[in-house]
Amino acid sequence: MIAPPGLEGVAVKETKICLIDADAGKIYYRGYDLEELAERSTYEETAYLLLYGRLPRRAELEEFRARLASLRRPPRHVEEAAGLAASAGAEPIDALRTAVSLMAAGEDLSDRSAEAELARGIKAIAAMPYVVAHFDRARRGLKPADAEYRGHAQYFLASLRGEEPDPKEARALDVMFIVYAEHGMNNSSFTAVTVASTLADMYAVITAAISSLKGPLHGGANVDAAKMIAEIGDPERVAEWVDKQLAAGRRIPGFGHRIYKRGPDPRLKILKGLAKGLAELKGDFAWLEIAEGLEEYVGAKLAAKGIYPNTDLYASVIFHYLGLPVDLNLPAFAMARAAGWAAHALEYRAQNRLIRPTERYVGPVNLRYQPLEERG
Ligand code: CMC
């Protein structure tokens, strides 16, 4: 028996982390409706929920936030590596991946208990915003800006800009982070689980998951979607741009999803609301209108094929209004999703069995070895 291409429809584990009910248009994190979390929770609280399996009590949340705050600056060698990556012209997602990998340096990794791996996951989650902000500032020739930590989203924006964001901007990014924090057995979470199954440490798990996220069929689409909107430039040009892409046999970034083939991704509604709020705050509607134009035009052309907009379309609009350079869209996704990756790795490790599939050989056998001199 051979699995379907792309492992479509294959369940690789039982889970209590995330339920995606595509037909009902609902997503649940640990049983809680994502729409309600987006409205009432914070990223820190949601990350706690994903990692520990339940909502924190007040004191637990305060302690968790204090822990994230105290771990926000990575070890010096990691910070220096991010600066070096900036001077070498690295892509920010590569700098982040390398930084997370380097967090293993100097740490005793012999304890592979769930507690130790969770602690490593929290360390990585805590340090990611600073690493990305520091990298971006370094490549702009700016000194690090270590802001006061009042939450992941506010801290990231403040450390990136060197000044406090408008609370509405910080909240928009906070909601974006909640939405991006988890989404079932996607490619990067599967990568995380695969690596965790070898008993490699949590830094290795997150490093590998970042590599998976980078691809344009996965998280990289939020960079490509931003480039697309910038290239289109004017809502009037949407149809012409899309027609040209499709005629050339190219895919439209920010559209299509393996599990949303009968209707749009339920996260879209939340993200569209955020994008609208930010467009109003900035008094700039161009990117929002282009995204809406794309949703309508591509929808009319491709919905029959089961192609609807995915999160990356409106995520790129949100990040644009927050003033992120387009290539930071991807590490911003990673810093939110790290909670989901760590949760999946820990869940799988609780009943670990090495992931080691097989394949069906279809090549030749018994070929005669021809010495090099006879091969010409
Ligand atoms: N634009 C145009 N056509 C598309 C697109 C698209 N974005 N996506 C799929 N199709 C077509 C595809 O060419 C195929 O057509 P045909 O049957 O004529 O050959 C049909 O739709 C089915 O495609 P598929 O490759 O079987 O679908 P899949 O489930 O393997 O792919 C996907 C899912 C996300 C890889 C794909 O839709 C895609 O490449 N989208 C663009 C990249 C993107 O936005 N990725 C982000 C995914 S969601 C967020 C995340 O996970 O990070």
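About the criteria used
- Residues numbered from 1 in each chain as written.
- Predicted model: local features only at pLDDT ≥ 70, side-chain atom pairs only at ≥ 80, totals over all residues.
- Heavy atoms only, no water.
- Helix = DSSP H or I, 4+ residues; strand = E, 2+ residues; numbered from the N terminus.
- Expected span 1.5 Å × (residues − 1).
- Contact = heavy atoms within 4.5 Å.
- Near = heavy atom within 4 Å.
- Polar contact = N/O pair within 3.5 Å; in protein donor to acceptor, adjacent residues only side chain to side chain.
- Areas by Shrake-Rupley, 256 points an atom, 1.4 Å probe, with all protein chains shown as cover.
- Nonpolar A, V, L, I, M, F, W, Y, C, P; charged D, E, K, R; others polar.
- Pairing = 2+ DSSP bridges.
- Axes fitted to C-alpha atoms, helices over the stretch in contact; angles between N-to-C directions.
- Parallel < 35°, antiparallel > 145°, perpendicular 65-115°, else oblique.
- Left-handed = near helix turned anticlockwise from the far one by under 90°.
- Buried < 20%, exposed > 50% of the residue type's maximum accessible area, 1.4 Å probe, protein only.

**Q** Outline helix H14 (residues 286–302), listing residues and values.
**A** Its 17 residues give H14 an end-to-end C-alpha distance of 24 Å, which sits within 8% of 24 Å, the value for a rise of 1.5 Å per residue. Of the surrounding elements, those touching the buried residues of H14 are helix H11 (221–232), helix H12 (238–247), helix H13 (267–282) and helix H15 (311–321).

**Q** Break down the site of the ligand for me, with residues and values.
**A** Contacts to the ligand come from 20 residues, most closely from Arg251, Ile252, Phe255, Lys261 and Lys305. Within the backbone of Phe255, a nitrogen or oxygen atom sits 2.8 Å from a nitrogen atom of the ligand. Computed on the free molecule, the ligand has an accessible area of 940 Å², of which 72% lies beneath the protein chains in the complex. Taken together, the residues of the shell around the ligand break down into nine nonpolar, six polar and five charged.

**Q** Which residues make up the sheet that holds strand S3 (residues 32–33), and what values do they have?
**A** Taken in spatial order, the three strands make up an open sheet running S1-S2-S3, and their pairing is antiparallel. The open sheet has two edge strands with one neighbour each: strand S1 (18–21) and S3. The pairing of strand S2 (residues 26–29) with S3 spans two bridges and is classified as antiparallel. Paired with Tyr29 across the bridge in S3 is Tyr32.

**Q** Please set out the packing of helix H5 (residues 92–102) against helix H6 (residues 114–139) residue by residue, giving values where relevant.
**A** The geometry of H5 relative to H6 is characterised by a closest axis approach of 10 Å and an angle of 135° between their N-to-C directions. Taken together, the axis directions place H5 and H6 in an arrangement best described as oblique. In this structure, the crossing between H5 and H6 has a hand that is right-handed. On H6, the residues touching Pro92, Ala95, Leu96, Ala99 and Val100 of H5 are Ala124, Met128, Val131, Val132, Phe135 and Arg139. Taken together, the residues of the contact of H5 with H6 break down into 10 nonpolar, no polar and one charged.

**Q** How would you explain the pairing of S2 if you had to name every residue and give the values?
**A** What you see with S2 is a clean split: Ile27 and Tyr29 sit on the buried side and Lys26 and Tyr28 on the side with no burial. Hairpin geometry of S1 and S2 is characterised by an intervening segment of four residues between the two adjacent antiparallel strands and by a positive phi of about 65° at Gly25. Counted between consecutive antiparallel strands, the loop separating S2 from S3 contains two residues, among which Arg30 sits at a positive phi close to 50°.

**Q** Provide a residue-level description of helix H9 (residues 187–196), including the pertinent values.
**A** In terms of residue burial, H9 counts as a mostly covered element, since seven of its 10 residues are buried. For H9, the complete set of buried residues consists of Ser188, Ser189, Thr191, Ala192, Val193, Val195 and Ala196. Residues of H9 that are buried in the fold lie against helix H10 (202–214) and helix H16 (329–349).

The analysis is restricted to geometry; functional conclusions fall outside its scope.
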